[in-house]
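The primary structure of each chain is shown beneath.
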Amino acid sequence: MTAPMLKIEGLRASYGAIEALKGVDVEIHEGEIVTLIGANGAGKSTLLMSMCGKPKPSAGRVIFEGRDITGMTTHHIMRLGIAQSPEGRRIFPRMTVLENLRMGAVVTDPAHFDQDLERAFTMFPRLKERQNQRGGTLSGGEQQMLAIARALMSRPRLLLLDEPSLGLAPIIVRQIFQVIREINAEQGMTVFLVEQNAFHALKLAHRAYVLAGGKVQMSGTSAELLGNEEVRAAYLEGGH
Amino acid sequence: MEYLVQQVINGVTLGSVYALIAIGYTMVYGIIGMINFAHGEVYMIGAFTSLIGIIVMGLLGVTWVPLALFMVLLASMAITALYGWSVERVAYRPLRGSFRLAPLISAIGVSIFLQNYVQISQGARPKPIPPVIRGGFELMTSSSGFTVTLSYLQLFIIVLTIVLMVGFTYLITQTSLGRAQRACEQDRTMASLIGIDVDRTISMTFVMGAALAAVAGMMVTLYYGVIDFYIGFLAGIKAFTAAVLGGIGSLPGAVLGGLLIGLIEALWSAYFSVEYKDVAAFTILVLVLLFRPSGLLGRPEIEKV
Ligand SMILES: Nc1ncnc2c1ncn2[C@@H]1O[C@H](COP(=O)(O)OP(=O)(O)OP(=O)(O)O)[C@@H](O)[C@H]1O
Ligand SMILES: [Mg+2]
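Just so we're clear, the structure is a prediction, and the values are computed from it rather than from any experiment.

### What about the side chain of Asn36(B)?
All names here are of chain B.
Then step 1. Relative to the elements of secondary structure, asparagine 36 occurs in the loop between α1 (2-32) and α2 (39-60).
Then step 2. In this structure the side chain of asparagine 36 is engaged in a polar contact, spanning 2.5 Å, whose partner is the side chain of tyrosine 92.
Then step 3. Every residue in contact with asparagine 36, bar those within four places of it in the chain, is listed here: Tyr25, Val28, Tyr92 and Phe206.

### Concerning the site of ligand 1
Residue and element names in this part refer to chain A.
Then step 1. Close to ligand 1 lie 13 residues, the nearest being Lys44, Ser45, Thr46, Glu87 and Gln196.
Then step 2. A distance of 3.2 Å is found between an oxygen atom of ligand 1 and a backbone nitrogen or oxygen belonging to alanine 42.
Then step 3. Within the backbone of glycine 43, an N or O atom sits 2.9 Å from an oxygen atom of ligand 1.
Then step 4. Protein contacts shield 62% of the accessible area of ligand 1, which totals 630 Å² for the unbound molecule.
Then step 5. If one sorts the elements of the shell around ligand 1 by residue count, helix α1 (residues 44-51) sits on top with 3 residues.
Then step 6. Split by residue class, the shell around ligand 1 holds 4 nonpolar, 6 polar and 3 charged.

### Re the coordination of the magnesium ion (ligand 2)
Where a metal carries four tetrahedral donors, each ideal angle is 109.5 degrees; where it carries six octahedral donors, the ideal angles are 90 or 180 degrees.
Residues and elements named next belong to chain A.
Then step 1. The coordination sphere of the magnesium ion (ligand 2), as far as protein atoms go, consists of Ser45 (OG) and Glu87 (OE), spread over 1.9 to 2.4 Å. Placement of serine 45 in helix α1 and of glutamate 87 in the loop between β6 (82-85) and α3 (97-104) is noted, with a sequence separation of 42 residues between them.
Then step 2. For glutamate 87, a relative accessible area of 42% puts it in the partly exposed group.

### Some thoughts on the side chain of Thr80(B)
Residue and element names in this part refer to chain B.
Then step 1. Structurally, threonine 80 is set in helix α3 (residues 65-92).
Then step 2. You can call threonine 80 buried: its relative accessible area is 0%.
Then step 3. When sequence neighbours within four positions are dropped, the list of residues in contact with threonine 80 reads Val42, Ile45, Gly46, Thr49, Ala210 and Ala214.

### A short note on the pattern of salt bridges
Then step 1. Within this structure, the stated rule accounts for 20 salt bridges over all chains.
Then step 2. Close ionic contact of Asp187(B) with Arg90(A) constitutes a salt bridge, the shortest N to O distance being 2.8 Å. Placement of Asp187(B) in the loop between α6 (176-186) and α7 (188-193) and of Arg90(A) in the loop between β6 and α3 is noted, with the two residues assigned to different chains.
Then step 3. In the salt-bridge network here, residues are joined through shared partners; they are Lys7(A), Glu9(A), Glu27(A), Arg61(A) and Asp68(A).

### Considering the interface of chain A and chain B
Then step 1. With 26 residues of chain A at the interface, the matching set in chain B holds 20 residues.
Then step 2. At the boundary of chain A with chain B, total buried surface from both sides reaches about 2,200 Å², with 61% on carbon and sulfur atoms.
Then step 3. Three residues, His75(A), Phe92(A) and Arg94(A), lead the burial of chain A against chain B; their summed loss comes to 29% of the area buried on that side.
Then step 4. The salt bridge partner of Arg182(B) is Glu99(A), with a shortest N-O separation of 2.8 Å.
Then step 5. Connecting chain A to chain B are 5 residue pairs in polar contact (both at pLDDT 80 or more).

Conventions adopted
- Residues numbered from 1 in each chain as written.
- Chains lettered and ligands numbered in written order.
- Predicted model: local features only at pLDDT ≥ 70, side-chain atom pairs only at ≥ 80, totals over all residues.
- Heavy atoms only, no water.
- Helix = DSSP H or I, 4+ residues; strand = E, 2+ residues; numbered from the N terminus.
- Polar contact = N/O pair within 3.5 Å; in protein donor to acceptor, adjacent residues only side chain to side chain.
- Contact = heavy atoms within 4.5 Å.
- Near = heavy atom within 4 Å.
- Areas by Shrake-Rupley, 256 points an atom, 1.4 Å probe, with all protein chains shown as cover.
- Nonpolar A, V, L, I, M, F, W, Y, C, P; charged D, E, K, R; others polar.
- Donors = N, O, S within 2.8 Å, 3.2 Å for Na, K, Ca; no water.
- Buried < 20%, exposed > 50% of the residue type's maximum accessible area, 1.4 Å probe, protein only.
- Salt bridge = Lys/Arg side-chain N within 4 Å of Asp/Glu carboxyl O.
- Buried area = accessible area lost by both parts, 1.4 Å probe.

Structure follows, in structure tokens:
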């Protein structure tokens, strides 16, 4: 078996006195969609952010494509081929859609920009219609599309998505999940997906981790977790 | 009427100077949310480096005024920018992420330090220089014999300010540094997540603010022909008032605020009393803070983020 694209070993991270990650191990192979599910406050967002150096891990290692990126500054990490669409979307509110997309491309060769922009607009035609509107005035769903599109503008090999379906109408959720499936299948992009919507996420992903109290409680293929009694009881009951 | 026109010319000249300083306040506030109280002192350093530069040009025998001023301007901007950069590195960056008041207290410390440093190294007495740019256009004369003049120096100040504003606007809106600055201003964490070096961007903001303050310092040195180590205090407060009046964080606001403060000060001196001209700025500061804290062009907080 080839070495994993991303290897997280014994990762710990804290906010002041609160330790949010208490030794997390995760492996992601190239071309996979891996989902991370868990209750509110389990540490999912912290894991994605701390991989990117915010907050810096207090212990453990993060290896990306064979390179130890633990403790590197965020902007250096984000230049290695990792992009994140973070929790809360974090669109630049006073920049237009177009400017937001341009910001996503700051680390890449400007020569790609037009082509990548075209691709983003094909993926999310709504963004093309809204290209001159300010980010802060977009609807929640539009902001989510923009956050994903902005992350893709840097041509990442590993895409980190934090709850892309949060607060969106089912039809938009389906559309966003479809886009994730497409970029994975067609471009071979590796995706690490944090989701509350465990059922959808497990349907989409190849493998999954369950995080609880800052530790990995369980992991396996999506099919395994979908069939697991504990997972069903804790994350899948009700609503599906 | 002629008298009024003259005061407007004087006011716009003065306002240009305040606007250039105000941009430094507003940019730093926009990007790290702190009032850089040492900025007035950075402007004072700009005035002193210009003064020294002008003397050096004299010693070197550079007598062609445009060339001399151009070289002084570049040197002064570079040296003052280095001061601005150092202030951020030494006094503010280590305190980032600490409690809100800490950098503010540090700024006051820096301000006192710079004043004393210049006072000791350059002496406390006011430093005069002979006029470098003389003459002007006589625009009109009233029946009572009052002549409105636009001096070459005033024209130089106003034109230079316009040129800098155009260049500056281009930098902010069209260059990658400007985009990085706006990104940091709107969401620093996200800016780093797209690969922007936030610390470097903040440094560059201090550099740009200081360079503009240096230009203001040179203008004032030429305009009044005398400077001392204490000029940063009043000019700083007036430019800060200008930034607040225009809407702190807003670049067009800083320019508008600067021009208004300059005009108000000129008209106040002309029609009320010169002795109390400084009171005008303070009165405006209090009134704005009381009745319109977001300033004239400040952004109302209506965005959903
Ligand atoms: N900036 C912060 N400062 C202090 N504590 C924080 C901060 N961010 C998160 N925490 C704490 O760290 C723990 C993990 O939070 P995290 O945001 O990673 O959870 P999550 O799994 O993403 O939850 P959710 O599903 O609600 O998004 C929580 O207890 C939270 O209160
Ligand atoms: Mg979260």
